[in-house]
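The residues making up each chain are set out below.
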Amino acid sequence: MIGISVANSKSLQLEATQEAYDRAIVKLNLLLIDDNTHEQAVRTKLFEVMDERNELGDYSTSDLHVMGKGIEKNIDDFLAGLNEQYVSG
């Protein structure tokens, strides 16, 4: 019974983390559609995020939880950094 519960927990966490990565990927794609000012940097980040998403099955439930919580902040920080470069550059 415990084995089933642990497997189910990981499955649910994996799904939630994949959804967080999907939202981050959509956000980056929308930026590419709307503004190509930092196209190369955004594309590089997009491929990095997609590679991470494709490897999510290799992580533990606790790692997935941390990754899911951190990906959207990571993307927001990345985009804020681009805006700072654009303003100061």
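Values in this document were obtained by computation on a predicted structure and should not be read as measured data. (Residues numbered from 1 in each chain as written. Predicted model: local features only at pLDDT ≥ 70, side-chain atom pairs only at ≥ 80, totals over all residues. Heavy atoms only, no water.)

## Let's talk about the environment of Thr 61
Here Thr 61 lies in helix H3 (residues 61-88). We classify Thr 61 as partly exposed; its relative accessible area is 25%. Taking the C-alpha atoms as reference points, Thr 61 and Thr 17, separated by 44 residues in sequence, lie 9.9 Å from one another. Sequence-distant contacts of Thr 61, that is, excluding residues within four places in its chain, are made with Ser 9, Lys 10 and Gln 13. (Helix = DSSP H or I, 4+ residues; strand = E, 2+ residues; numbered from the N terminus. Buried < 20%, exposed > 50% of the residue type's maximum accessible area, 1.4 Å probe, protein only. Contact = heavy atoms within 4.5 Å.)

## Some words on the confidence of the model for the protein
In this model, the protein carries an average pLDDT of 88, and 87% of its residues clear a pLDDT of 70 or more. Highest mean pLDDT in the protein belongs to helix H2 (residues 39-54) (96); lowest belongs to H3 (86). (pLDDT = per-residue confidence, 0-100.)

## With respect to the nonpolar core
Leu 28, Val 49, Ile 71 and Ile 75 are the most contacted members of the largest nonpolar core, which totals 17 residues. The set of elements that each furnish at least two residues to this core consists of helix H1 (2-34), H2 and H3. If one sorts the elements of this core by residue count, H3 sits on top with seven residues. Apart from the residues lying within four places of it in its own chain, the contact partners of Ile 75 are Ala 24, Lys 27, Leu 28, Lys 45 and Val 49. (Core = buried A, V, L, I, M, F, W, Y, C linked by side-chain atoms within 4.5 Å.)

## Some remarks on the pattern of salt bridges
If you walk through the whole model with that rule in mind, you get six salt bridges. Among the salt bridges present, the one from Asp 77 reaches Lys 73, with a minimum N-O distance of 2.8 Å. With Asp 77 and Lys 73 both in helix H3, this residue pair falls four residues apart, about one helical turn. Since its relative accessible area comes to 53%, Lys 73 is described here as exposed. (Salt bridge = Lys/Arg side-chain N within 4 Å of Asp/Glu carboxyl O.)

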